[in-house]
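# Understanding the architecture of this molecule
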Amino acid sequence: MQGKYKDAEKHHLKAIETGSEESYKDSVALLHIYIKDNQLAKAHEIIESTTKKKDICYNINEAYYLLCKAEGKYKEALHYKEICSDILDSLTLAQNETTSIGNRKKSTTMPRYGKRTNC
């Protein structure tokens, strides 16, 4: 299995070097490889380097959760998992508010035909 991790690491590092808009995904994938391969110091380095480049709050907190869990730091892992839950709750709330506003806007701008019924 070690050989597969090395190949995957090489490919992800090459993709990260491109600096593309999507390279953070390779950073997260590489992080998972390091955790599975018990290279926890490298996992910390990936998190640090990625947070300097992008504002990917959810993914980074999830990464910290996975890393702390792998290190047996369950209380700290729970802290990061709670942050992830808060972020998802915020996103869901914002999405629901946007949908609600869109629905209200549609109901005030759509023409009404005929009499309204109580269906």
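Quick summary incoming for the structure in this document.

About the criteria used
- Residues numbered from 1 in each chain as written.
- Predicted model: local features only at pLDDT ≥ 70, side-chain atom pairs only at ≥ 80, totals over all residues.
- Heavy atoms only, no water.
- Helix = DSSP H or I, 4+ residues; strand = E, 2+ residues; numbered from the N terminus.
- Buried < 20%, exposed > 50% of the residue type's maximum accessible area, 1.4 Å probe, protein only.
- Contact = heavy atoms within 4.5 Å.
- Areas by Shrake-Rupley, 256 points an atom, 1.4 Å probe, with all protein chains shown as cover.
- Axes fitted to C-alpha atoms, helices over the stretch in contact; angles between N-to-C directions.
- Parallel < 35°, antiparallel > 145°, perpendicular 65-115°, else oblique.
- Nonpolar A, V, L, I, M, F, W, Y, C, P; charged D, E, K, R; others polar.
- Expected span 1.5 Å × (residues − 1).
- Left-handed = near helix turned anticlockwise from the far one by under 90°.

Helices and strands together make up the secondary structure of the chain, namely 5 helices and 0 strands. Counted from the first residue to the last, the chain has its helices and strands arranged as α-α-α-α-α. Classification of the 119 residues of the chain by burial places 27% in the buried group. Contacts in the chain between residues at least 24 apart in sequence constitute 41% of all its contacts with a sequence separation of at least 6. Summing over all exposed atoms, the chain offers an accessible surface of approximately 9000 Å²; the carbon and sulfur share of this is 54%.

As a further point, take the packing of helix H2 (residues 23–36) against helix H4 (residues 57–70). Packing of H2 against H4 leaves a shortest axis separation of 10 Å and a crossing angle of 5 degrees. Here H2 is positioned roughly parallel relative to H4, judged by the angle of their axes. Along its contact with H2, which presents Tyr 24, Val 28, Leu 31, His 32 and Ile 35, the element H4 presents Asn 59, Ala 63, Leu 66, Leu 67 and Ala 70. Along the lines of polarity and charge, the residues of the contact of H2 with H4 split into 8 nonpolar, 2 polar and no charged.

Take the side chain of Ser 27 next. Position of Ser 27 among the secondary structure elements: in helix H2. Excluding residues that lie within four positions of it along the chain, Ser 27 makes contacts with Ile 16, Ile 46 and Thr 50.

Okay, H2 next. In this model, H2 (14 residues) spans 20 Å end to end at C-alpha, consistent with the 20 Å of a helix rising 1.5 Å per residue. Positive phi shows up at Asn 38, right after H2, with a value of about 60 degrees.

This part takes up the packing of helix H1 (residues 2–17) against H2. Helix-helix packing is described using two parameters, namely the angle between the two axes and the distance between the axes. Where H1 meets H2, the closest approach of the two axes is 9 Å, and the angle between their N-to-C directions is 155 degrees. The angle between H1 and H2 falls in the class roughly antiparallel. Relative to H2, H1 is oriented so that their crossing is left-handed. Every residue of H2 that contacts H1 at Tyr 5, Ala 8, Glu 9, His 12, Leu 13, Ala 15 and Ile 16 is listed here: Ser 23, Asp 26, Ser 27, Ala 29, Leu 30, Ile 33, Tyr 34 and Lys 36.

Right, let's get into unusual backbone geometry. In most cases, non-glycine residues show a negative phi, while peptide bonds are predominantly trans. The phi torsion at Asn 38 lies on the positive side, around 60 degrees, for a residue other than glycine. The topology assignment puts Asn 38 in the loop between H2 and helix H3 (40–53). A residue is classified by how much of its surface remains accessible, and Asn 38, at 59% relative accessible area, is exposed.

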